[in-house]
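# A closer look at the structure
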Amino acid sequence: MGGLTGAVVHVVDGGSGLARDVVTRLHACGIEAVEGGSLSGASAVVLLGGMAPVETPQDALTVMREVFTAGQEVAAVMATHGGLFAVVQDTGGDFGLSGEHGDRAWLGGIAALARTAAREWPAACVKAIDCARGTRDSAAVAEAIVAELVSGGPALNVGLPLDGRRVTLDSVVAPHGAELADAPLDEDSVVVVTGGARGVTPTVLAELAARYRPRLAILGRTELVEEPPGLEDALDQPALVARLASRDPGSGPVAIRAQARRILAVREVRRTLAAVRAGGSEVRYFPVDVTDAASVHRVLDEVREVFGPLTGLIHAAGVVHDKYIADKTAVQYEAVLATKLNGLRLLLDATRDDPLRLLCLFSSIAAWAGNPGQSDYAMANEVLGQIAAVERVRRPHCLVRSIGWGPWDGGMVTPEIAARFGQQGLDLIPLRSGAGAFVAELRNGRGPAHVLLTVGELPDPPALRAETPVADETGQPHGAGGLRFPVGLQPMAMAVELFTAAARGRAPDQPIVTLRDIALDPPGAAAPPDDRGSVRIEGFPRGDRLELRLLGAPSRVEAVARLGGTPGGGVWPDHPYLPPLDGGEDGGEDRGDVVSRGAVLRMPVAGVRIGAPGAVALLELGGTGAPGDVPHLEAMAADAALRLAALWGEKELGFPVAPVGLGEYRRHRFGPAGRTLHCLLHSREQAGKRAVCDIALLREDQTLYAEFLGVALNPCT
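Here we summarise the structure given alongside this text. (Residues numbered from 1 in each chain as written. Predicted model: local features only at pLDDT ≥ 70, side-chain atom pairs only at ≥ 80, totals over all residues. Heavy atoms only, no water.)

Attention now moves to the overall build of the protein. Assigned secondary structure in the protein consists of 16 helices and 25 strands. Considering the protein as a whole, with its 717 residues, one finds that 56% of them fall into the buried category. Across the protein, the fraction of contacts at a sequence separation of at least 24, relative to all contacts at a separation of at least 6, is 75%. For the protein, the computed accessible surface area is about 28100 Å², with 51% contributed by carbon and sulfur atoms. (Helix = DSSP H or I, 4+ residues; strand = E, 2+ residues; numbered from the N terminus. Buried < 20%, exposed > 50% of the residue type's maximum accessible area, 1.4 Å probe, protein only. Contact = heavy atoms within 4.5 Å. Areas by Shrake-Rupley, 256 points an atom, 1.4 Å probe, with all protein chains shown as cover.)

This part is about the pairing of strand β13 (residues 399-405). Where burial is concerned, most of β13 is hidden: seven out of the seven residues are buried. Residues Leu399, Arg401, Ile403 and Trp405 point to one face of β13 and Val400, Ser402 and Gly404 to the other, with burial holding for every one of them. Of the pairings in the sheet, the one linking strand β12 (residues 358-364) to β13 comprises seven bridges and is parallel in character. Bridged to Leu358 within β13 is Leu399. As judged from the four bridges shared by β13 and strand β14 (residues 450-453), these two strands associate in the parallel manner. Residue pairing for β14: Ile403 is matched across the bridge by Val451. (Pairing = 2+ DSSP bridges.)

What follows covers the packing of aromatic side chains. Overall, the coordinates contain six aromatic pairs when judged by the stated rule. Following the ring pairs from residue to residue traces out a cluster consisting of Phe362, Trp405, Trp408 and Phe438. Above the face of the Phe95 ring, Arg115 is positioned so that its terminal group lies 5.6 Å from the ring centre. (Phe/Tyr/Trp six-rings, centres within 6.5 Å; stacked < 30°, edge-to-face > 60°. Lys NZ or Arg CZ within 6 Å of the ring centre and 35° of its normal.)

Here the focus is the sheet that holds strand β5 (residues 124-131). Pairing is mixed in the open sheet, where seven strands are placed in the order β2-β1-β3-β4-β5-β6-β7. The open sheet has two free edges, formed respectively by β2 (33-35) and β7 (167-168), since each of these has just one partner strand. In the sheet, strand β6 (residues 157-160) pairs with β7 via two bridges, with the strands oriented antiparallel. Bridging across to β7, Gly159 finds its partner in Val167. Sheet contacts for helix α1 (residues 19-28): β1 (9-12), β2 and β3 (44-50); angle to β2, the most-contacted strand, approximately 170°. Lying on the sheet, helix α4 (residues 138-151) is in contact with β3, β4 (83-89), β5 and β6; it crosses β5 at an angle near 150°. (Axes fitted to C-alpha atoms, helices over the stretch in contact; angles between N-to-C directions.)

Glancing now at helix α2 (residues 57-81). End to end, α2 covers 36 Å across 25 residues, agreeing with the expected 36 Å (1.5 Å per residue, within 8%). Along α2, the largest kink reaches about 50° and is centred on Val74. Positioned one or two residues after α2, Gly82 has a phi angle of 80°, which is positive. (Expected span 1.5 Å × (residues − 1). Bend = angle between axes of the 7 residues up to and from the residue.)

Our focus in this paragraph is the pairing of strand β9 (residues 215-220). In terms of burial, β9 is largely enclosed, as five of its six residues are buried. Where strand β8 (residues 190-194) lies against β9, five bridges are found, and the strand directions are parallel. Counted as the bridge partner of Val192 is Ala217 from β9. Bridge count for β9 against strand β10 (residues 283-287) is five bridges, and the pairing is parallel. Note on β10: the bridge partner recorded for Leu216 is Val283.

Spelled out as structure tokens, the structure:
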């Protein structure tokens, strides 16, 4: 995991009781860490608040606020210089998808804070870990968390359930299930709607009225007061401000603009009520603050007196105060979360005994993908999704949905917000189309509790990033780090391991990882033996592929990982006879210093044979760990294979060459490889100053471990 190199990791307990064990485990990994301490200037932070015990939703919301405040303390450093920012929560190990974590769902927004942080702090390594605690003791939980931090790779969202699995989040296109035989809405339904009188929700309600004619009780903040006479032809805010200023020149501009906004709000509410009535529904409007418990109970009692028992609840209320994490004020944060979450908590409590057949929560795509400036909004909406999963378990006879909307063509979506979503590939949802999609979702009888509705492709998670130290002459990494590489390891070999880890993070269930079009820039560059710097991986998901870059002086490696599919292996015949490398009878001379240098690696190559058709070598594993359990074997074996290719190319062409590109890399096996690997090299092309070959690594049972297809060798510069 990046950001650990040379940094002191501040582990913030937040009431979890895990900090000491986490620090102990980090120390065991050679990583300098401290419990808490001032976060001012800290460049590596692990926030454990989401692991704290909670007894009530309010407890959870308090923890979320504390985690957010800690994030603000390091925001300036992370945004400018990068570092490690990791948040850890316990919402079941699956980010609340099962719905079996009860009131811990109210902690779910912590992960969405990390998703937004990853977009606001592009230089930082960010991670959201959902680690189920269950009956495990602190030491076991700490071990799981530190293992993910140290060797989990660059995946942003990682769940660690109790059964020992490691899961990541992804989105899939979900077709509608069978339509409900009995729709959750009809003319006898009584539906309470928050935030339904303004913004985009009125279009949705008009569609509901036209389709089902339920009785609607709309709750909103706007008081329906009569506007002063003579303003009917002032149709927008500038016209209203001008008219009001001419009538009362003594009023200040702030007061006049506020009055104009109130007039426009009342007009919008009245238009909504008229449209719903025109659709065929009976509707009443109730001005109320949904964050005030007494007011909510009073209004719902009034609704029951007017319409009867409540059968539906649509929570669409929300406000935004867009500011980056570092600039967000406490007042803005509280306002955003109070409307979404305190309001929802009060509504759920007040309707606990009502025969609800429909519970729909309006969420946002920002919860899934993060959105710069909307950390609090993303946090609040992520909680909605987790609460929907919990309520679905609690209310088996109720249709429960949290809908993560993409940006609408209206409402709170300003041109600036629309532009940001546009950069992520999301178009605006037309009002009528959005309303139709909503009605269709209410008839989707087998749909999940949490869905995303967008126009265009879903935005990918923030770019994957990881950073790793390069070891010194003793084989020890500088500072700390999760990935330890021997001195002088070729950038392309490091890239193979890091890119494979990144691809598996996106598609953990794929038995084979395929990397294609791996190119080294500049050609022939290699990490020098005395390199004490670090390398960084960046990954950019693009549909079914992952574009990857390995950056680190003095070179860069780029590749594309194809996600999915099971490519077949190449045809590798039995070892061909090749003359000994140095003319000896058995060719058994130890060539480990040539093929793979470095004290940490210690992979001598026995029985090397090189000739025009290719080369054969036996890679003896070990020396850096127990046999068959060598740390980062893949990078070491890749380095040995590529150096063997360079040795073969030099012999055949007559001058030193280096690998500059790789057409395709296929990893067929994961886990221990055994004590030895057979390395087979077949010549594909030798022309002028260029050679191309294919390489296979086979286990002792002759099954494929990995393939390097189309290794391009050019003269060293």
